Amino acid sequence: MNSRLIDKIREIVGKENVLISEEERKCYSFDARAHGSVPDLVIFPKSASQVSEVLKLANEHNFPVIPRGQGSGVTGGAVSISGGVVMVFTKMNRILEIDKENLIAIVEPGVITYEFQEEVKKHGLFYPPDPASHKYSTIGGNVAECAGGPNSLKYGVTRDYVLGLQVVLPTGEIIETGVRTMKGVVGYDLTRLFVGSEGTLCVITKIILKLIPLPESKATLLVFFREVEDAAICVSGIISARIVPAVMEFMDRASVICSEMANPIGIPEETGALLLIEVDGDEASVKAQVEKIIPILKEKKASEFRITYDPKESEALWLARRTLSQATYNLNPVKVAEDVVVPRSKIPILIRKLEVLSEELNIPILSFGHAGDGNFHVSIMIKDEPRDWEKAEKAVREIFKETIQLGGTISGEHGIGTLKSDYIDMELSREALITMAKIKKLFDPNNILNPGKIFPKYMKF
Amino acid sequence: MIKTAVIEELKKIVGEGEVLTTKEALKAYSYDGTTNWIREPDVVVFPKNTIQISEILKVANREKVPVTPRGGGTNVSGGSVPWMGGIVLCTTKMNNILKIDKENLTCTVECGVVLQDLNNALLKEGLFFPPDPQSFLGATIGGIIAENAGGPACVKYGVTKQYVLGLEVVLPTGEVVNLGGRTLKNVVGYDLLHLFISSEGTLGVITKAELKLNPLPPSRKTIVAVYDDVTKAGETVFRVLENGVIPGKIELLDNWVINRIEEMMPMGLPRDADAMLLFECDGIDEAVQKETEKVVDISKKYGATDVRVAKDTDEANRYWMARRAGFAAVFGKAKTVLSEDVTVPRGKIPDLIKKSKEIAKKYGLELVMLGHAGDGNLHPSFLTDISNKEHYEKATKAMEEIIYAAVELGGVLSGEHGIGLEKQKFFTRVTDPKVVDLMKKIKALLDPNNIMNPGKIWE
C-alpha cells in the first residue's frame, strides 16, 4: 500500500484511528484459531460514512478490506489472507437505544455481547444468543457469523433476534434493511442474507435487535450417565414430555475425563456422558418443569444427578463444562475444532463413530456441545507434527461425511471462513455454490470485501 | 398468447389430464383470496413431482412464458394472480406429508400440503406447526412459505420463517437446489433459504420443505378483556408484554366487528364495547395459571371495564370462533373491502388506532379495526364498493393515509400478506431505491428471463 493511499485513509478515519507499526498490525493477523497474513493497515472507523469512504477507496485502488470485531471467531473470518485493511469495530460500540415498550434495541456493531446482555437485564429484558465467547465477542461479529450458543434450542440463534440492519455495501452505498416490528414482509429478506454472510457481502454498521422478557428464575441440573445412548434417550424423553429446557449441554466420555482431571468435581467413575440442563421461566413453572424432569432422569438410567435453584450454586454445576475448552490443551497442544450438527436422534450414532475414529487414528477426539439442537463441538487434539495433521485431516473428512449422511450440517454456528472452505462442497451442491458465488459477485464486483472466505479455492472471483 | 406447441409439450410433461385450458378453468385460476385483481392464465398445469416442475420451467424459460406458482390461492395481495398470463403452476396435487419425525420435532412435506391437513396429522403425534394464517383451511405450505405467512400465534411463536429448516427449490432455469437442511442450526454459506422465504414466487418454485415443529402446549386459557375505548385496549397489549408475559395470542376486535359477529351468531359479546382483546395463554399448567392472573390484573389496571376468563374449552372455542368469523363478517357486509396489513412497533398501537380513526372521520368512512395486536399487526379495513367510483376513491385515499401513518410510526406496509400486486406502489415509495435496485438485481440474477411470477412486488 503506498503512502498516499495510507494518508487518504488516515484522513478519512482520523490519524488516531489507524495502526501502522508492524507489531501492532501483527496482532490483527489471527483470530481465536486461524493465522493469516499481516494486514497493511488496521483502522478503527467511527461511523458508517467513514466505512463507506474506505470501501469506495478500496474499489478504486483494489485492496482487500476485512471487517473485524474482537477477533474471537474460530474459522478465520476476521483474518486477512493477503494484506489490505483490517477494519476493527471496537470503537463503534454504543448502545443507541433500548426500547422497553417495543422490546427492541439498536446497537453499533462493536458492542460486546455480554455487556449488552447485562445492560438490557437492568430493564428486565433478555438478549438470548450466548456464544461461548460472549464475554468478549461483539454483536456485529455475532451477526456476521450467525452465532449460536447453549440456549438456542429454546431461544434460537442470532438470526432470530436481528430485525433490521444498517450496512455498507462493498461498493460504498449505505442501506437499511428489515424492520423495527415483529412482523414484516417487504420484498426479499436481505437482512437474513446478510446475517451469517461472514463479512463478505457487506459491512454491518448498525443492528436492530429483538429482545424478550427476562425469565424470572431458573434451575440447573447436572446429570451423569454410564452410556451416551442413555443420555440421548433422556434428551428425547424430556422433549417428548413437552419440556423445552433453555440449556441441554452434553459432554462425552473423553470430555468428562479430561475436565475431571483438570478440575475435579467428583464425577462418578464410569461416567460415559454428562448432561447439563437448565430450565427457566417464572418460579412456579421452573419448579413444575424440574418435577417433570426428575422422573424422566430416573427412568432413563441416569446414574446420578445434582440440582440447584440458586444462581451461585449453578456456577459450580457449570464448572465441568466451563473448564473443558481450556483443559483439552492438556491432552495435546493443537486443537482442530469442528462444529457439526446432526438431527438430535442421531447424536449417539455420531458419538460412537467418533470413539471408533479416535481409537483407529490413536488421537484424542472429544465432543461436547448443545444436545438440544444436535450441535457438537468436536475437538481433535494433536501435536504440531505433519503425521498428526494428516490424521486430523482424515478425521475431519470422516466426521463430515458421517454428519452429512446423518442428515446434518458441517457448521452450526462457527461459519466457514478459511478453515472450512475446502469442505463446503461436501455439503452444498454445485448449483447452490454457484448461486452463492453469483450473489457475491453481484454485491462485490471487485472482490474487495473479505476475499478468500467461504468458497472453495478452486472457485475464482 | 402461449403457443399450442408449448401446451402440447406441457401435456407431455405432466400428462394430458393435468393440463387445463377451458375457459371456465382459466377463469377459476384468475384471482386469489380477494377478487380485487383478475387476470386469466393461458394454461393451468398440475405437476406431480419436482422433476416435472423442473421440466416445465425449462420449457417456460426457453419460450419466455410467465409462470405463476399457486397453492390454494387463498392469499390476499395478488401474489398468485397470473398478472402477465402464461402458465399457472398449481401445486395442489403435490400434497404428501412425507415424514413426521417425532424425535427430532421436524417434518418433511411437499409444497401442496394444506396447513389444516398437516396440523391434523401432527395433532395425533402431540405436535403442531405454530404459524397460523387464518386461511389455514385452504392455504398450502408452499404458499405459506412463499408469503412468510403469520397469524395470531405469531406473537409468541414467531412467523413462518422461524419454522423452515430446509427447502427444495426449482430455480427459474430448471435446476433443483436444496437449501438449509434438517437441523436447527446451519451456517454453511449464504442464507439462500431465507431469501426464498417471502420471495412471493418470484425467485423459483418451492417443491419440498423441512419444517420445525413444536410440542403441543399441555394447557391453555382464554381471557376476554372489554374496553370502552379502543386505544386503552392498544395500551394494554404492550403493558402485558412489558410485564414479562408473552401470551400465545392477543387479538383485537373493535365495536363494529363485535356487533357483526353478534348478528351472525349471538354469543353474548358486549355489543356496546368500543373494543375487546382476546388473549390465549398456553404452556404448562402452572405457567398458564400464573400468566392468566397477570393478564387479568394488567387488563384491569389499564382500563378494561370487564375481564372474563373462559370457564372451559367450549367457552374459549366460542370466542376464537368469533375472532375467525371476524374477517367473514367484514367481507360479508360490503361489495368491496379494502383491508390492510400494516404492522407497527407494539407501543405505537394506540397511536395507529387514534390516527386511523381521525383519517376515517376526515373522509366520512366507517372504519373496522381487527388484527393481531400482540405483534403490532393490524388489519384496518374500509367497507366500500368498487363500482361506486367516488366512494371507492375516497376509501383508497384514506387507506393510503393510514399506510403512511403506520410507516411514520416506525412500522411496515405488510406484516404477513406480502406485497404482490396490492402494495406495489407503496413499496417503491417507502423503500430506499438502492434497496429496491438490489432486490431487482437478485431477481435478474436468478431469473434472467423474468419468467417467475412477473409483475409482482415492484413492477
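Here the structure is a predicted model, which is why all the values come from computation and not from measurement.

Each value, and the rule that gives it
- Residues numbered from 1 in each chain as written.
- Chains lettered and ligands numbered in written order.
- Predicted model: local features only at pLDDT ≥ 70, side-chain atom pairs only at ≥ 80, totals over all residues.
- Heavy atoms only, no water.
- Helix = DSSP H or I, 4+ residues; strand = E, 2+ residues; numbered from the N terminus.
- Rg over C-alpha atoms; globule rule 2.2 N^0.38 Å.
- Buried < 20%, exposed > 50% of the residue type's maximum accessible area, 1.4 Å probe, protein only.
- Contact = heavy atoms within 4.5 Å.
- Areas by Shrake-Rupley, 256 points an atom, 1.4 Å probe, with all protein chains shown as cover.
- Lys, Arg positive; Asp, Glu negative; His and termini not counted.
- Charge placed at Lys NZ, Arg CZ, Asp CG, Glu CD.
- Salt bridge = Lys/Arg side-chain N within 4 Å of Asp/Glu carboxyl O.
- Pairing = 2+ DSSP bridges.
- Polar contact = N/O pair within 3.5 Å; in protein donor to acceptor, adjacent residues only side chain to side chain.
- Axes fitted to C-alpha atoms, helices over the stretch in contact; angles between N-to-C directions.
- 1 Å grid on protein atoms, 1.4 Å probe; cavity = no way out; pocket = protein on both sides within 12 Å on 5 of 7 lines; lining within 4 Å.
- Points joined across faces, edges and corners; volume = space filled by probe spheres on them.
- Nonpolar A, V, L, I, M, F, W, Y, C, P; charged D, E, K, R; others polar.
- Buried area = accessible area lost by both parts, 1.4 Å probe.
- Core = buried A, V, L, I, M, F, W, Y, C linked by side-chain atoms within 4.5 Å.
- Parallel < 35°, antiparallel > 145°, perpendicular 65-115°, else oblique.
- Domains from an automatic or database assignment.
- pLDDT = per-residue confidence, 0-100.
- Expected span 1.5 Å × (residues − 1).

1. Focus: the overall build of chain B
Argument step 1. A tally of regular secondary structure across chain B gives 15 helices and 20 strands.
Argument step 2. Taken over C-alpha atoms, the radius of gyration comes to 22 Å for chain B, in line with the 23 Å a tight globule of 459 residues would show.
Argument step 3. Taken along the three principal axes of its C-alpha coordinates, chain B extends 70 × 60 × 45 Å.
Argument step 4. Burial statistics for chain B: of 459 residues in total, 64% are counted as buried.
Argument step 5. Of the contacts formed within chain B by residues at least 6 apart in sequence, a portion of 71% connects residues at least 24 apart.
Argument step 6. Of the accessible surface of chain B, which amounts to about 16400 Å², a share of 50% is contributed by carbon and sulfur atoms.
Argument step 7. Positive and negative side-chain charges in chain B, numbering 57 and 61 respectively, have mean positions lying 2 Å apart.

2. A short note on the pattern of salt bridges
Side-chain pairs of opposite charge can arise where the charged atoms are in close proximity.
Argument step 1. Applying the stated criterion across every chain, the model contains 64 salt bridges over all chains.
Argument step 2. Of the charged contacts, one joins A:Glu118 and A:Lys121 as a salt bridge, the two residues approaching to 3.3 Å between their closest N and O atoms. You can see A:Glu118 and its partner A:Lys121 sitting in helix α4 (residues 113-121), 3 residues apart, about one turn around the helix.
Argument step 3. On the basis of relative accessible area, A:Glu118 is assigned to the partly exposed category, the value being 29%.
Argument step 4. The salt bridge partner of B:Asp274 is B:Lys357, with a shortest N-O separation of 3.5 Å. Residue B:Asp274 is located in the loop between α9 (255-264) and β14 (275-283), and its partner B:Lys357 is located in helix α12 (residues 349-363); the two are separated by 83 residues in the primary sequence.
Argument step 5. Residue classification places B:Asp274 among the partly exposed residues on the basis of a relative accessible area of 22%.
Argument step 6. Residues joined by salt bridges that share partners form a network here, namely A:Glu227, A:Glu229, A:Arg253, A:Arg352 and A:Glu355.

3. Section: the pairing of strand β12 (residues 219-227) of chain B
Regular strands show a simple pattern: their side chains alternate between the two faces of the sheet.
All names here are of chain B.
Argument step 1. When you tally the buried positions in β12, you get 7 out of 9 residues, the bulk of the element.
Argument step 2. Sheet analysis places β12 next to β14, joined by 9 bridges and oriented antiparallel. For Tyr 227, the partnering residue across the bridge sits in β14 and is Ala 275.
Argument step 3. Looking at chain direction, β12 and strand β15 (residues 306-309) are connected through 4 bridges and run antiparallel. From the neighbouring strand, Val 224 faces β15, where its bridge partner is Arg 308.

4. Re the pairing of strand β13 (residues 247-252) of chain A
Residues and elements named next belong to chain A.
Argument step 1. Counting buried residues along β13, 6 of its 6 residues qualify, which places the element largely inside the surrounding structure.
Argument step 2. On β13, burial covers both faces: Val 247, Glu 249 and Met 251 on one face and Met 248, Phe 250 and Asp 252 on the other are all buried.
Argument step 3. Across 3 bridges, the pairing between β13 and strand β17 (residues 365-370) is antiparallel. From the neighbouring strand, Met 251 faces β17, where its bridge partner is Phe 368.

5. Overview of the side chain of B:Thr336
Argument step 1. With respect to the helices and strands, the residue B:Thr336 is situated in strand β16 (residues 336-339).
Argument step 2. Of note is the side chain of B:Thr336, whose polar atom sits 2.8 Å from the backbone nitrogen of B:Ile386.

6. Examining the sheet that holds strand β15 (residues 302-308) of chain A
Residue and element names in this part refer to chain A.
Argument step 1. Across the sheet, which stays open at both edges, the 7 strands sit in the order β15-β12-β14-β13-β17-β18-β16 with antiparallel pairing between neighbours. What marks the edges here is a single partner per strand, and that holds for β15 and β16 (334-341). For this sheet, the mean angle separating the axes of adjacent strands, direction not counted, is 15°.
Argument step 2. Where strand β12 (residues 217-225) lies against β15, 6 bridges are found, and the strand directions are antiparallel. Considered in β15, the bridge of Phe 225 is made with Ala 302.
Argument step 3. The sheet contacts of helix α8 (residues 228-240) involve β12, β13 and β14 (273-281), and relative to β14 the element is tilted by about 15°.
Argument step 4. In the packing of helix α13 (residues 386-405) onto the sheet, the strands contacted are β16 and β18 (375-382), and the crossing angle to β16 comes to about 5°.

7. Quick word on empty space enclosed by the protein
Argument step 1. Summed over all chains, the structure comprises 2 cavities of 30 Å³ or more.
Argument step 2. Taken as a whole, the largest cavity encloses approximately 80 Å³ of empty space.
Argument step 3. Residue lining of the largest cavity: A:Val342, A:Pro343, A:Arg344, A:Gly372, A:Asp373, A:Gly374, B:Asn104, B:Thr106, B:Leu165, B:Arg182, B:Thr183 and B:Leu184, and that is the complete set.
Argument step 4. Grouping the constituent residues of the lining of the largest cavity by class yields 4 nonpolar, 5 polar and 3 charged.
Argument step 5. The computed volume of the second largest cavity comes to approximately 40 Å³.
Argument step 6. Lining the second largest cavity are A:Tyr188, B:Thr202, B:Lys443, B:Asn453, B:Pro454, B:Gly455, B:Lys456, B:Ile457, B:Trp458 and B:Glu459.
Argument step 7. Residues belonging to the lining of the second largest cavity are distributed by class as follows: 4 nonpolar, 3 polar and 3 charged.

8. Points about the interface of chain A and chain B
The extent of an interface is frequently quoted as the accessible surface area lost upon association of the parts.
Argument step 1. Contact with chain A, which involves 86 residues of that partner, is made by 78 residues of chain B.
Argument step 2. Between chain A and chain B lies a buried interface of about 6600 Å² when both sides are counted; carbon and sulfur atoms form 66% of it.
Argument step 3. Applying the counting rule to chain A against chain B returns 8 salt bridges.
Argument step 4. Salt-bridge contacts for A:Asp189 lead to B:Lys161; the nearest nitrogen and oxygen are separated by 2.5 Å.

9. What to know about the nonpolar core
Argument step 1. In this structure, A:Ile380 and B:Ile141 are the most contacted members of the largest nonpolar core, which totals 208 residues.
Argument step 2. Formed by 24 residues, the second largest nonpolar core is a distinct cluster that contains B:Ile2, B:Ile13, B:Val45 and B:Ile53.

10. Side note on the sheet that holds strand β3 (residues 65-68) of chain A
The strands making up a sheet associate through hydrogen bonds between their backbones, and the pairing can be parallel or antiparallel.
Residues and elements named next belong to chain A.
Argument step 1. Read from one edge of the open sheet, 4 strands run β1-β2-β4-β3, paired in mixed fashion. Unpaired on one side and paired on the other, β1 (18-19) and β3 mark the two borders of the sheet.
Argument step 2. Where β3 and strand β4 (residues 85-88) come together, 4 bridges link them in parallel fashion. Looking across to β4, one finds that Pro 67 is bridged to Met 87.

11. Focus on the environment of A:Gly83
Residue and element names in this part refer to chain A.
Argument step 1. Relative to the elements of secondary structure, Gly 83 occurs in the loop between β3 and β4.
Argument step 2. Separated by 45 residues in the primary sequence, Gly 83 and Val 38 have C-alpha atoms spaced 5.7 Å apart.
Argument step 3. Excluding anything up to four places from it in sequence, Gly 83 contacts Ser 37, Val 38, Pro 39, Asp 40, Pro 64 and Ile 66.

12. Section: the packing of helix α9 (residues 253-262) of chain A against helix α11 (residues 311-327) of chain A
Relative orientation and spacing of two packed helices are given, respectively, by the angle between their axes and the distance between those axes.
All names here are of chain A.
Argument step 1. Axis separation between α9 and α11 bottoms out at 8 Å; the angle between their running directions is 90°. Relative to α11, α9 is oriented roughly perpendicular. Two secondary-structure elements touch here, α9 through Ser 255, Cys 258, Ser 259 and Ala 262 and α11 through Ala 320, Thr 323, Leu 324 and Ala 327.

13. Observations regarding the domain arrangement of chain B
Residue and element names in this part refer to chain B.
Argument step 1. Domain assignment breaks chain B into domain 1 (4-90), domain 2 (97-215), domain 3 (217-329) and domain 4 (334-419 + 428-444).
Argument step 2. Distance from the C-alpha centre of domain 2 to the C-alpha centre of domain 3: 29 Å.
Argument step 3. In this complex, domain 2 contributes 10 residues to the contact, which on the side of domain 3 involves 10 residues.
Argument step 4. Taken together, both faces of the contact between domain 2 and domain 3 bury some 820 Å²; the carbon and sulfur share is 60%.
Argument step 5. Joining domain 2 to domain 3, the criterion identifies 1 salt bridge.
Argument step 6. Residues Asp 282 and Lys 156 are paired through a salt bridge, measuring 2.7 Å at the closest nitrogen-oxygen approach.
Argument step 7. Viewed at the interface, domain 3 and domain 2 are joined by 2 residue pairs in polar contact (both at pLDDT 80 or more).
Argument step 8. Taken together, the residues that form the side of domain 2 that touches domain 3 break down as 7 nonpolar, 1 polar and 2 charged.

14. A short note on the confidence of the model for chain B
Argument step 1. In the predicted model, chain B carries a mean pLDDT of 93, and 100% of its residues have values of at least 70.
Argument step 2. In the predicted complex, the global pTM is 0.95; the interface-specific ipTM is 0.94.

15. Looking at α12(B)
All names here are of chain B.
Argument step 1. Here α12 is 15 residues long and its end C-alpha atoms lie 21 Å apart, about the 21 Å a rise of 1.5 Å per residue gives.
Argument step 2. Among the residues making up α12, those that are buried are Ile 349, Pro 350, Leu 352, Ile 353, Ser 356, Ile 359, Ala 360 and Tyr 363.
Argument step 3. For α12, the elements touching its buried residues are α8 (230-242), β13 (249-254), β17 (367-368), β19 (377-378), β20 (381-384) and α13 (389-408).
Argument step 4. Two residues or fewer after α12 comes Gly 364, characterised by a positive phi angle close to 65°.

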